[in-house]
Amino acid sequence: METEILRIIPLGAGKEVGRSCVLLVYRGKRILFDCGLHPAHHGIYGLPYFDFIEPEDIDILLVTHFHIDHCGALPYFLARTNFKGKVIMTHPTKAIYNYVLQDFIRICNVGEIDILFDESDLSDSMDKIIPIRFHEELEFDDVKIQAYIAGHVLGAAMFLVDIGGVKILYTGDYSTEEDRHLKPAEIPKCNVDILIVESTYGIRLHEPRDLREEKFKSRVHDIIKKGGRCLLPCFALGKAQELLLILNEYWKEHEELKDVPIYYTGLLATKSLNVFQTYRNMMREDTKEKIEQGENPFHFEDSQDYMEKKPLVIIATPGMLQSGLSRYLFEEWCEDENSGVIFTGYSVEGTLAQQIMNQPNEIQISHKHKTLKLKMDVAVIDFSAHCDFKQTSHFIRKIKPANIVLVHGGQNEMAKLKKALELEHKNQINVHCPQNCQSLIFTFFTEKSAKVVGKAKRNLDNFLTHSDYLALGKGMPNNIPHNLSEDCGLIKFSQEDSPSSERLKIDNTISELDYQDRHPEETKLEIEQEEAIIKEYDDNMVSIEGLFVESQFDNMIINETEIQDFASLSRHKVSQQLVMPFEYDPGFFIKAAEDLFDKVQVVSGNTEDLVNDINLKIEDIDLVYRKRSASFELKWDSSAKSDLLADAIALLIIQLANNPPASMVYNMTNHCKEKQLEKLQFEAFKKVLREHCEEISIVEDNMIEIFDSSQELVAKVDYNAKEVISCDESIKEHLKALLDIHNHSCSPKNDC
Ligand SMILES: [Zn+2]
Ligand SMILES: [Zn+2]
């Protein structure tokens, strides 16, 4: 088993609502969920903590839906950072994202608010977005991605990411409640290891839907009865359509309202109608049918005379009165006590909407340096398409994740939800509430599997019979455990459909690291092991010989010679050669080698023959004894094992040559013997001279210079010519006598 570390780091939406952006790091892959802007902050202050990452390292960016707090930073991230990865979102999200951000840029420009990107950045970003269909599985470099319906708004997706078998579900904003036009969130049917879930509503419970609708309709009606203007600030797409559907229904039931106009105005209104018609398949059946029958459920009046009319209902963006039309109308009408504003969605901390919900008497409009009296009626009737506690709890019970990471929620909401979930699941589920930039670490134990391919596979075929394959094949459980020898751990088997390869599931196979090589381009591939042994079910050993090639996701056991074909690794061979003088009988070396090494083989030649070389082999090392040059030649292909063996052989040769046993010297070949004897005699003469003279030095081969105590050259001895040269007669005599004695002792006559 191998331990792998997975990290989750919120770069935004950690203990806050706004600028959703969550980083997932696992097995060298970096995935970013969402790329939003904080609605309550302007300019760079609204961005997620991008400083915390290297955008260049991010492989995939998944955007769940078109709300600004989930996609607003995308044009900036694509245009202003060195991010080079893939951006994925559903088709409708891509279409609506474009409109929503166009509108966002327009509003920011009108309000003279710093904006981080412009129209051209936005249109560039469109080219880089890869659309994904619901339930379609996309795979990029061994990361599998699937989108599930999240409810919430049209096109909103939850993303299921599978990296090496570990599954992470990121919900984004989701709702399991069915509303008038959207399908509710789905529950993916698979084991989820980590659920990253929004916690906007914490443990709050929504009032029943019909009750909320009743309240909403009567509140609107009350304002109309007073002859006032009813302002419904809301997000352009999704919520607006839902409110229109409710109001249309109500207007049909009430004749007296037929002359009261409902405005839904702005550029987005027209565009959104087209989008909703295009993606009608993603809506509830009844709404879809109405659209197909030509009835327009999103009918609205779009004229500019709303400033003169009274009473009226107007749906205006944005939803939290940050800027734009809804803000303008609010400032115009807030001092009119007959008018009213109804907030129908979630309002982020720090926005004007959030401030007004507390019903203050006065409102400071800071950028205009004015104070307005709040006289208009304020109501909050939440049609927020986020889960309440009941829905969250049900969703989690169905998914049964091992770990939960809460994001997209205030600190208090999160803390309460964590407590409630832990209580409900009796601490069986780990619930985490990270703040921005806090890194959560999860540890996974993953099974390793390896495909046996090519020659290695054919080798395996010799051991496994056809019936073994059938037993391992279809209709049987995928993993059949096999007992294994201790140093190999447990290997599990499962056969793939492909007839040319089996898949071995290996928990712990690495017994020794023997071979390492890295392909320059695919450094992630690593050859870890030379041998993998599996033991058969019935205790018969089956051994597979080959290289264990580990990539991040796909491991293989490959015959060494096929490494290029299967692993696209280049195979390099380093041939080594070493020449070492050895002036003695090579038979001595062979004898000494036989005592030390297991497999010493004389391939050709012998010690008696004085002309032909002797070829030897010690395991994988080739040795040639060259008689003419009196030397050993070693040749081998480099590997950790062979290099070591060659070192040992070389050491043996050096040891024998430097400290030759006496028997070796006297059994030398004739030529060598003479040379060796001469050398020994010369050494002996030098020894004699050293005992008699002050200092000696050798000028060239066999020429000896003798100095006195004051470093003056006093004599020279030519050892080969057996001559003494000196100006000093007595020294000359003395040296001559020494040379004679030495010559006499070395002469063949004295040989016994
Ligand atoms: Zn949302
Ligand atoms: Zn959101």
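The rules behind the values
- Residues numbered from 1 in each chain as written.
- Chains lettered and ligands numbered in written order.
- Predicted model: local features only at pLDDT ≥ 70, side-chain atom pairs only at ≥ 80, totals over all residues.
- Heavy atoms only, no water.
- Donors = N, O, S within 2.8 Å, 3.2 Å for Na, K, Ca; no water.
- Tetrahedral: all angles 85-135°; square planar, octahedral: opposite > 155°, others 65-115°.
- Helix = DSSP H or I, 4+ residues; strand = E, 2+ residues; numbered from the N terminus.
- Buried < 20%, exposed > 50% of the residue type's maximum accessible area, 1.4 Å probe, protein only.
- Phe/Tyr/Trp six-rings, centres within 6.5 Å; stacked < 30°, edge-to-face > 60°.
- Pairing = 2+ DSSP bridges.
- Axes fitted to C-alpha atoms, helices over the stretch in contact; angles between N-to-C directions.
- Salt bridge = Lys/Arg side-chain N within 4 Å of Asp/Glu carboxyl O.
- Patch = residues over 30% accessible without salt bridge, like charges linked within 9 Å, V, L, I, M, F, W, Y side chains within 5 Å.
- Areas by Shrake-Rupley, 256 points an atom, 1.4 Å probe, with all protein chains shown as cover.
- Lys, Arg positive; Asp, Glu negative; His and termini not counted.
- Charge placed at Lys NZ, Arg CZ, Asp CG, Glu CD.
- pLDDT = per-residue confidence, 0-100.
- Contact = heavy atoms within 4.5 Å.
- Expected span 1.5 Å × (residues − 1).
- Arc of directions from axis to C-beta.

**Focus: the coordination of the zinc ion (ligand 2)**
Then comes step 1: Only Asp69 (OD), His70 (NE2), Asp173 (OD) and His408 (NE2) from the protein coordinate the zinc ion (ligand 2), and they sit 2.1 to 2.2 Å from it.
Then comes step 2: Every donor counted, the four donor atoms about the zinc ion (ligand 2) form angles of 85 to 161 degrees at the centre, which fits irregular coordination.
Then comes step 3: The distance between the zinc ion (ligand 2) and the zinc ion (ligand 1) comes to 3.4 Å, and Asp173 binds to both of them. With His70 in helix 1 (residues 68-71) and Asp173 in the loop between strand 10 (166-170) and strand 11 (194-198), this residue pair connects regions lying 103 residues apart in the sequence. As far as the burial class goes, His70 and Asp173 line up, both buried.

**Comments concerning the coordination of the zinc ion (ligand 1)**
Then comes step 1: Summarising the metal site, the zinc ion (ligand 1) is bound by the protein donors His65 (NE2), His67 (ND1), His152 (NE2) and Asp173 (OD), whose distances to it range over 2.1 to 2.2 Å.
Then comes step 2: Considering all four donor atoms around the zinc ion (ligand 1), the spread of angles at the metal, 93 to 162 degrees, places the coordination shape in the irregular class.
Then comes step 3: Mapping the donors of the zinc ion (ligand 1) onto the primary sequence gives the spacing H-x1-H-x84-H-x20-D.

**Quick notes on the packing of aromatic side chains**
Then comes step 1: Enumeration over the complete set of coordinates arrives at 17 aromatic pairs.
Then comes step 2: Both rings, one in Phe33 and one in Tyr170, keep their centres 4.6 Å apart while their planes meet at 15 degrees; by these two values the pair is stacked. Linking Phe33 in strand 3 (residues 29-33) with Tyr170 in strand 10, this pair joins segments that are 137 residues apart in sequence.
Then comes step 3: The class for Phe33 is buried, based on a relative accessible area of 0%.
Then comes step 4: Here Tyr170 falls in the buried class, since its relative accessible area comes to 2%.
Then comes step 5: The structure contains a cluster of three or more aromatic residues connected by ring pairs, namely Phe582, Tyr584, Phe589, Tyr625 and Phe632.

**Notes on the environment of Lys189**
Then comes step 1: The residue Lys189 is located in the loop between strand 10 and strand 11 in this model.
Then comes step 2: Remark: the alpha-carbon pair of Lys189 and Ile399, spanning 210 residues in sequence, is separated by 7.4 Å.

**Remarks on the sheet that holds strand 9 (residues 157-163)**
Within a sheet, adjacent strands bond to each other through the backbone by hydrogen bonds, running parallel or antiparallel.
Then comes step 1: Strands sit in the order 7-8-9-10-11-19-20 across an open sheet of seven strands; the sheet is mixed. Looking at strand neighbours, the two that pair on one side only are strand 7 (137-140) and strand 20 (430-432), the edges of this open sheet. The average angle at which neighbouring strand axes cross in this sheet is 20 degrees, direction not considered.
Then comes step 2: When strand 7 meets strand 8 (residues 143-149), the two strands line up antiparallel, connected through four bridges.

**Re the pattern of salt bridges**
Working definition: two side chains of opposite charge can pair if their charged atoms are close together.
Then comes step 1: Applying the stated criterion across every chain, the model contains 29 salt bridges.
Then comes step 2: Put simply, Arg106 and Asp103 hold a salt bridge, and the shortest N to O gap is 2.5 Å. In this pair, Arg106 and Asp103 both sit in helix 3 (residues 91-110), three residues apart, roughly one turn of the helix.
Then comes step 3: Taking the relative accessible area as the measure of exposure, Arg106 reaches 36% and is therefore partly exposed.
Then comes step 4: Its relative accessible area of 8% is what places Asp103 among the buried residues.

**A word on a negative patch on the surface**
Then comes step 1: There is a patch of like negative charges on the surface, built from Asp118, Glu119, Asp124 and Asp127.
Then comes step 2: Secondary-structure assignment places Asp124 in helix 4 (residues 119-128).
Then comes step 3: With a relative accessible area of 41%, Asp124 lands in the partly exposed category.

**Digging into the pairing of strand 14 (residues 312-316)**
Then comes step 1: Of all five residues in strand 14, five are buried; the element is thus mostly enclosed.
Then comes step 2: Of the two faces of strand 14, the one holding Leu312, Ile314 and Ala316 and the one holding Val313 and Ile315 are both buried throughout.
Then comes step 3: Sheet topology note: the strand 12 (residues 229-233)/strand 14 ladder contains five bridges and is parallel. Counted as the bridge partner of Arg229 is Leu312 from strand 14.
Then comes step 4: Sheet topology places strand 13 (residues 262-264) next to strand 14; three bridges connect them, and they run parallel. Among the inter-strand pairings, Ile262 is bridged to a residue of strand 14, identified as Val313.

**Details of the confidence of the model for the chain**
Then comes step 1: Mean pLDDT over the chain: 81, with 82% of residues reaching 70 or higher.
Then comes step 2: The least confident element of the chain is strand 26 (residues 526-535), whose mean pLDDT is 32; the most confident is strand 4 (residues 60-62), at 98.
Then comes step 3: A low-confidence stretch, residues 469-541 (pLDDT under 50), is modelled with 186 contacts involving residues beyond four sequence positions or located in other chains.

**Considerations on the environment of Ser125**
Then comes step 1: Mapped onto the elements of the fold, Ser125 is located in helix 4.
Then comes step 2: The buried category is assigned to Ser125, whose relative accessible area is 0%.
Then comes step 3: In sequence terms Ser125 and Leu74 are 51 residues apart; their C-alpha atoms lie 7.6 Å from each other.
Then comes step 4: Beyond its immediate sequence surroundings of up to four residues, Ser125 is in contact with Pro75, Leu78 and Tyr97.

**Side note on helix 20 (residues 729-746)**
It helps to recall that an α-helix has 3.6 residues per turn; residues three or four apart then point in one direction.
Then comes step 1: In this model, helix 20 (18 residues) spans 26 Å end to end at C-alpha, consistent with the 26 Å of a helix rising 1.5 Å per residue.
Then comes step 2: Of the positions making up helix 20, those classed as buried are Leu735, Leu738, Leu739 and His742. The buried side chains of helix 20 occupy one side of the element, clustering within an arc of 100 degrees when seen end-on. Opposite its buried face, helix 20 presents the exposed residues Ser730, Glu733, Ile741 and His744, each directed more than 90 degrees away.

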